[in-house]
Amino acid sequence: MAWQLHYTSARRGPTGRAGFQFVAETPGLPDGTRAAVAPYLSYRPPPDAPPSPGDAELDLFPVSLLYDEVDGRPLLLRCRYLGRDYSGRYGNFFAHAVVAEPEELEGLRPAELWHAAHWAPLPAPGGVLDPLEELTPGSALDPEALAGWLAAAGPGDPYALLAHLVDAVAGVLGRGHGRVVLVADDVEAIARWIAVVSYSLPVAAAARLSFTTYTADPDGAAQRLVGTTPAVWATAQNHASHASAFELRRGAPDFRASRFARTVAGCWRDRDFGGLDALAELAPPDDPAREGAAALLALCRGDATVTADEEGAAAELLARRGTAVPGWVWRDLVPGVPSMGLGLTLAVHARAQESGAADLAARCELRVGELVSERLAGASRLADVVEAAGVAERAGVRVGPGEVAASAARCVRQGPAGLKDALTSCPAGLRDALLDGIVTGLADAGDRSAVLTPENCDLLYEHAGRLRAAPGVAVPVLASVGRRRPGRRIAVTAELLRLDGGEAGAVDAAVREVWAAPPSAAECLDLLDACGPEPPPAALAELPSRTFARLAGTGGDGLTDPATLRLAERVRALLPDGRAARDAALVQAYGMAITAGAARAARALESLADAGGATERLAREAFADAARRLSLRPPAFRAELLAAVPAPVRARLAARWTGELPDRVRAGRAPLRGREVERRNELVETVLRLRKRGGAEPSLEAWARAAARRWLAAKQLDSHLARRPELRAELRDLLAEDAR
């Protein structure tokens, strides 16, 4: 039900007073209705209207149809100018107000009531108005009639004007404030434009679009869509910045309207009212996602001109609404997939899967594959390659490893940035392909130094097996890792030895770089074991000798370590010829010299002294250390040893023994400390025992005579030999020989 009210200037109204007042109404008006309607009851003629119009001119004054809401109820108010009032003064108007319950306008757009039959031309006599049981629109503003009128509305392109008008109205509805002003001499045209805009909106949005077809105060109007005349607009005090004005006689503005607005205009051009309904179903005009709705509809209709930004809006709409998107979208969108960009394709694919739209999901997968291939072909950074691969993985789309590898190779040739992030972020299933591409790109690059940083070398080493096909890359990577990480030297060396086809000498040079610091005996053993039963290459064959020399230089203790002796045995088996084998033999001889009995120790010393072809330093230090250790053995053992070695070895051994004595002991200066006296006495005893065996070493005998000649030394030696009379006698003979 709807209530009616008539308002005009009367000599005597229901209250008995004169002037403007409600002169008729429907009984039972809701409380407060009159007070709520009163602020809207005004009419001022345009400034260019005749001040004293005759009856024939009154029809030229613009009629105002206002739509708004009062106290939660729709208000429809029609005002027309009447000219004179009861007193003969000009300025009278008649306002016919209809206040309805919201459901009375259900399915209606208020603009449809422009020419509705219930509007009265003049106030009704009697003061009582019937309620309106139904609000019936007039026929002049139905969509078909409006579409026919719009096609000829000018000047210029009426559809371009409509698009801009839709954008402006969507803006004020979205903001919730502001107004759009339509300026024209013909109020009928304004009413029709308002009707077209209303039909372009969903019913719910149209219900929120307050409007008036005419006002003499466009700056003060509270409605969202306001009509006025050029004369009013020209005299308006403030063309407010928050108002968008459209002077209909000038046509559309020069700038481009939004996709949504152009789509609305296109639907009117094609009389495609189903398209308007589809837009409304996807998103109302005051929804920020309206651009996405228009883009989605365009794609459903095979329009390939949708921009990337519009696709982004469509993807956002899908993400927000999810499976609540109407089902027809999944059916109609299939033809539009070939023109979609990647972001929208992924969004459609995800929602299609959730909604069970198998055909659309399958078509999206094909499109994702095409777009990923395009991205891989155009990638300039490894990050782009990884991103494309990740997109494919998330969409469940297979990408050829060859495409990934080729793209990565091209990126690496252009620059090294992002190797770590790329290898870390790449989907596991495509990481090998990415790595193959990186290696290929590095192999083709002239200067790899910028890429092969220590950090990148460590990353690449984690996939060492895939480096073997590119020795030019593998060699510097492995050399870098082995040089910096001693614990990986054996594994690195094994990888280096597996390489084939590299530059001549590059592998040997890398091996030498890795083993710049000699290995321990145990490490060298492990290295030889890792190389297998075949003789190692030259770069490794020299390592045992360097290990032996280092151990000998630390005092010789390491030469008798079980690992060292096992290494010597392994070297002689693997490398029977060459310096390493002779050095190994020296190590074994050293061990025998300091641990075996006198006869075998003598043979071992002879080998140490005659180390032809062995490392000179090793031979020298091994003999010296063996002599030092043997100097600590008892005199009887030393005498037997001296008797068993050839004279040159004996002389060399004697020189080492006397040379290792403290200066005071060698010079015979007194007083000597306890251990010094003991060492001198034991060496003199060794000389005497050698003489008893029939042997002699002149240098030792000369030293012994000099040491025993001094009075205190003689007394000490006599005491030392007290229980060995035969050696006392031999000492007297030694001293006597000097006297002769």
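Heads up: the structure comes first, above all this text.
Engineer: I would appreciate a short explanation of the nonpolar core in the present structure.
Structural biologist: Where a protein is soluble and globular, its nonpolar side chains tend to be buried together. Counting 122 residues, the largest nonpolar core has Leu434, Ile438, Leu496, Leu605, Leu608 and Leu641 as its most contacted members. In this view, Leu641 contacts Ala598, Ala601, Ala602, Leu605, Leu630, Leu653 and Trp657; residues no more than four positions away in its chain are not counted. The next biggest cluster of nonpolar side chains, apart from the first, holds 118 residues, and it includes Leu58, Ile190, Phe211 and Leu282.

Engineer: For this particular structure, what's the right way to read the packing of helix α19 (residues 454-461) against helix α20 (residues 471-484)?
Structural biologist: Each pair of packed helices can be summarised by the angle the axes make with each other and by the distance between the axes. As a packed pair, α19 and α20 sit with axes 9 Å apart at the nearest point and diverge in direction by 105 degrees. Comparing their axes, α20 and α19 come out roughly perpendicular. Contact residues: Pro454, Cys457, Asp458, Leu460 and Tyr461 in α19; Pro476, Val477, Leu478, Ser480, Val481 and Arg484 in α20. Residue composition of the contact of α19 with α20, grouped by class: 8 nonpolar, 1 polar and 2 charged.

Engineer: Looking at this structure, how should I read empty space enclosed by the protein?
Structural biologist: Remark: the empty space left among the atoms is shown by a probe the size of a water molecule rolled over them. For the structure shown, the criterion picks out 2 cavities of 30 Å³ or more. Each pocket or cavity is described by its volume, and for the largest cavity that value is around 90 Å³. Forming the walls of the largest cavity are Ser631, Leu632, Arg638, Trp657, Leu661, Arg675, Arg679, Glu682 and Leu683. Ranked by the residues each element gives to the lining of the largest cavity, the list is headed by helix α33 (residues 674-692), at 4 residues.

Engineer: Quick question: what am I supposed to make of the layout of surface pockets here?
Structural biologist: Computed from the structure, the largest pocket encloses a volume of approximately 340 Å³. If you go around the largest pocket, you meet 18 residues; those closest to its centre are Tyr40, Ser42, Leu66, Tyr214 and Thr215. Class assignment of the residues belonging to the lining of the largest pocket gives a composition of 10 nonpolar, 6 polar and 2 charged. Of the volumes computed, that of the second largest pocket is approximately 220 Å³. In this structure, the second largest pocket is lined by 14 residues; those nearest its centre are Pro46, Leu60, Phe61, Pro62 and Asp185. Here the lining of the second largest pocket is built from residues that sort into 8 nonpolar, 1 polar and 5 charged.

Engineer: For this particular structure, what's the right way to read helix α30 (residues 635-644)?
Structural biologist: An α-helix turns once every 3.6 residues. As a result, residues three or four positions apart point the same way. What α30 keeps buried is the set Pro635, Phe637, Arg638, Ala639, Leu641 and Leu642. Residues of α30 that are buried sit in contact with α28 (598-609), α29 (616-630), α31 (647-659), α33 and α34 (698-709).

Engineer: How do you make sense of the environment of Arg249 when you look at a structure like this?
Structural biologist: With respect to the helices, strands and loops of the structure, Arg249 is situated in the loop between β9 (243-247) and α8 (259-269). Arg249 sits in the exposed class, given a relative accessible area of 51%. Residues contacting Arg249, with those up to four places away along its chain left out, are Pro155, Val183 and Pro230.

Engineer: How should I be thinking about the packing of α30 against α31 in this particular structure?
Structural biologist: Contact geometry of α30 with α31 gives a least axis separation of 9 Å together with a crossing angle of 145 degrees. Contacts between α30 and α31 pair Arg638, Leu641, Leu642 and Ala643 from the former with Arg650, Leu653 and Trp657 from the latter. Partitioned by chemical class, the residues of the contact of α30 with α31 number 5 nonpolar, no polar and 2 charged.

Engineer: In this structure, what is going on with the packing of aromatic side chains? I would like to understand it.
Structural biologist: Each pair of aromatic rings is reported with the distance of its centres and the angle of its planes. In this structure the tally under the stated criterion is 11 aromatic pairs. Note on Tyr7 and Phe93: the rings are 6.1 Å apart at their centroids and 40 degrees apart in plane angle, and the pair reads as tilted. Of this pair, Tyr7 sits in strand β1 (residues 2-10) while Phe93 sits in strand β5 (residues 90-100), and the two are 86 residues apart along the sequence. Of the two residues examined, Tyr7 and Phe93, each falls in the buried class. Grouping aromatic residues by their ring pairs yields a cluster made of Tyr7, Phe20, Phe22, Tyr43, Phe61, Tyr81, Phe93 and Tyr214. Positioned over the ring face of Phe637 is Arg633, at 3.8 Å from the centre of the ring. Sitting over the face of the ring of Phe623, Arg652 holds its NZ or CZ atom 3.9 Å from the ring centroid.

Engineer: In this structure, what is going on with helix α25 (residues 543-552)? I would like to understand it.
Structural biologist: Within α25, 8 of the 10 residues are buried, leaving the element largely enclosed by the surrounding structure. Among all positions in α25, only Leu543, Pro544, Ser545, Thr547, Phe548, Ala549, Leu551 and Ala552 are buried. Contacts made by the buried residues of α25 are with α23 (521-531), α24 (538-541), α26 (562-574), α27 (579-595) and α29.

Engineer: Explanation requested: the side chain of Glu25 in the structure shown.
Structural biologist: Tracing the sequence through the fold places Glu25 in strand β2 (residues 19-25). In this structure Glu25 comes out as buried when scored by relative accessible area, which is 18%. Other than its neighbours up to four places away in sequence, Glu25 contacts Gln4, Leu5, Arg34, Gly127, Val128 and Leu129.

Engineer: Whenever I open this one, the pairing of β1 confuses me. Can you help?
Structural biologist: Working note: regular strand, side chains alternate between the two faces of the sheet. Where burial is concerned, most of β1 is hidden: 9 out of the 9 residues are buried. With burial as the criterion, each face of β1 is covered, one bearing Ala2, Gln4, His6, Thr8 and Ala10 and the other bearing Trp3, Leu5, Tyr7 and Ser9. Two elements, β1 and β5, share 6 bridges in a ladder whose sense is antiparallel. Opposite Ala2, over in β5, you have Ala100 as the bridge partner.

Criteria and thresholds
Residues numbered from 1 in each chain as written. Predicted model: local features only at pLDDT ≥ 70, side-chain atom pairs only at ≥ 80, totals over all residues. Heavy atoms only, no water. Core = buried A, V, L, I, M, F, W, Y, C linked by side-chain atoms within 4.5 Å. Buried < 20%, exposed > 50% of the residue type's maximum accessible area, 1.4 Å probe, protein only. Contact = heavy atoms within 4.5 Å. Axes fitted to C-alpha atoms, helices over the stretch in contact; angles between N-to-C directions. Helix = DSSP H or I, 4+ residues; strand = E, 2+ residues; numbered from the N terminus. Parallel < 35°, antiparallel > 145°, perpendicular 65-115°, else oblique. Nonpolar A, V, L, I, M, F, W, Y, C, P; charged D, E, K, R; others polar. 1 Å grid on protein atoms, 1.4 Å probe; cavity = no way out; pocket = protein on both sides within 12 Å on 5 of 7 lines; lining within 4 Å. Points joined across faces, edges and corners; volume = space filled by probe spheres on them. Phe/Tyr/Trp six-rings, centres within 6.5 Å; stacked < 30°, edge-to-face > 60°. Lys NZ or Arg CZ within 6 Å of the ring centre and 35° of its normal. Pairing = 2+ DSSP bridges.

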